[in-house]
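# Geometric and topological summary
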Amino acid sequence: MPKNYFDERVAEGYDSSSEDAFEPTFVDSVVNFLADLAGDGAALEFGIGTGRIALPLSQRGVRVHGIDLSSAMVARLRAKPGGDEIGVTIGDFATTRVDGTFRLVYLVYNTISNLTTQDEQVECFRNAAEHLAPDGRFVIELFVPVLQRLPPGETVRAFTVSPTRLGFDEYDVATQTLISHHYWVVEGQLEVLSVPFRYVWPSELDLMARLAGMTLLERWSDWNRRPFTGYSTAHVSVWEKTG
Ligand SMILES: C[S@@+](CC[C@H](N)C(=O)[O-])C[C@H]1O[C@@H](n2cnc3c(N)ncnc32)[C@H](O)[C@@H]1O
């Protein structure tokens, strides 16, 4: 089982960790996109967390099930209105199988990169495909690696600098991994957290999809279907089960 980085301390602050990700208009755009794909079928969220997306999607009438490693994150989901109506299986979304088939499997907010090896990411695509009904869809939202911003010989890039919060990504281009180092101050005390990720290119994800019997259907730079270009910093990709 992969290490669980979303322990009690992280889960406690998760829902206030990003204003942008929880902003209602943004959440609506994600839910609209996913609800369209789910239609009258069921949806499975890999890494359901505290239900940021699963809860409003379920309130839209889509039956949602989730998989997550972290009991602490899922406890937050359970404590919210409607949270006890969503089925959750505690486990690794690269390998955990749940009953039933789904019209939609989705993995948002960069969470594929929490799997730190290529093998685990390939397994995750296989696991998504195994849960999908014929012509079902798999959706990923992920950042585009920012290697163009990393000068030759440099390995560290700051992603946030403020009087109370610092964050640095430390890259290893040989292994295609990065470690995000977070430092923040709570009541005068320094808190520290370092989390490893495997960054991955859209084209490599397409190959993983092919290995799992899926083909690319759509790729956008955001949930409002803005075109994906060489300047896009993120993508929302949709693969269809074909095999
Ligand atoms: C960045 S949070 C995203 C939560 C939620 N999807 C959202 O959009 O707010 C990542 C979630 O994925 C879970 N997670 C990370 N790696 C996992 C794995 N291999 N298997 C299952 N859950 C995992 C974490 O516990 C955490 O709840």
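In this report, we go over the structure that sits alongside the text. (Residues numbered from 1 in each chain as written. Predicted model: local features only at pLDDT ≥ 70, side-chain atom pairs only at ≥ 80, totals over all residues. Heavy atoms only, no water.)

A separate point is the environment of aspartate 40. Position of aspartate 40 among the secondary structure elements: in the loop between α3 (24-38) and β1 (43-46). The spacing of aspartate 40 and arginine 103 is 63 residues in sequence and 8.4 Å in space, taken between C-alpha atoms. A polar contact of 3.2 Å, which involves the side chain of aspartate 40, links it to the side chain of arginine 103. (Helix = DSSP H or I, 4+ residues; strand = E, 2+ residues; numbered from the N terminus. Polar contact = N/O pair within 3.5 Å; in protein donor to acceptor, adjacent residues only side chain to side chain.)

So, about the site of the ligand. The full set close to the ligand counts 20 residues, and Tyr14, Glu45, Gly47, Arg52 and Asp68 are the nearest of them. The side chain of tyrosine 14 places a nitrogen or oxygen atom 2.6 Å from an oxygen atom of the ligand. A distance of 3.1 Å separates a nitrogen atom of the ligand from a polar atom in the backbone of leucine 69. (Near = heavy atom within 4 Å.)

The next thing to look at is the side chain of serine 237. Inspection of the secondary structure assignment puts serine 237 in strand β11 (residues 234-241). We classify serine 237 as buried; its relative accessible area is 0%. Within polar-contact distance, the side chain of serine 237 engages the side chain of arginine 219 at 2.7 Å. Among the polar contacts made by the side chain of serine 237, one reaches the side chain of histidine 235 at a distance of 2.7 Å. When neighbours within four sequence positions are excluded, serine 237 is seen to be in contact with Phe138, Val139, Ile140, Leu216, Glu218 and Arg219. (Buried < 20%, exposed > 50% of the residue type's maximum accessible area, 1.4 Å probe, protein only. Contact = heavy atoms within 4.5 Å.)

Turning to the sheet that holds strand β7 (residues 165-172), a few remarks are in order. Here four strands make up an open sheet; going across it, the order is β6-β7-β8-β9 and the pairing antiparallel. Every interior strand has two partners, whereas the edge strands, β6 (156-162) and β9 (189-198), have only one. Going across the sheet, the axis of each strand differs from the next one's by a mean of 15°, ignoring polarity. Where strand β8 (residues 177-186) and β9 come together, 10 bridges link them in antiparallel fashion. Residue threonine 177 lies in a different strand from β9, and its bridge partner there is arginine 198. (Pairing = 2+ DSSP bridges. Axes fitted to C-alpha atoms, helices over the stretch in contact; angles between N-to-C directions.)

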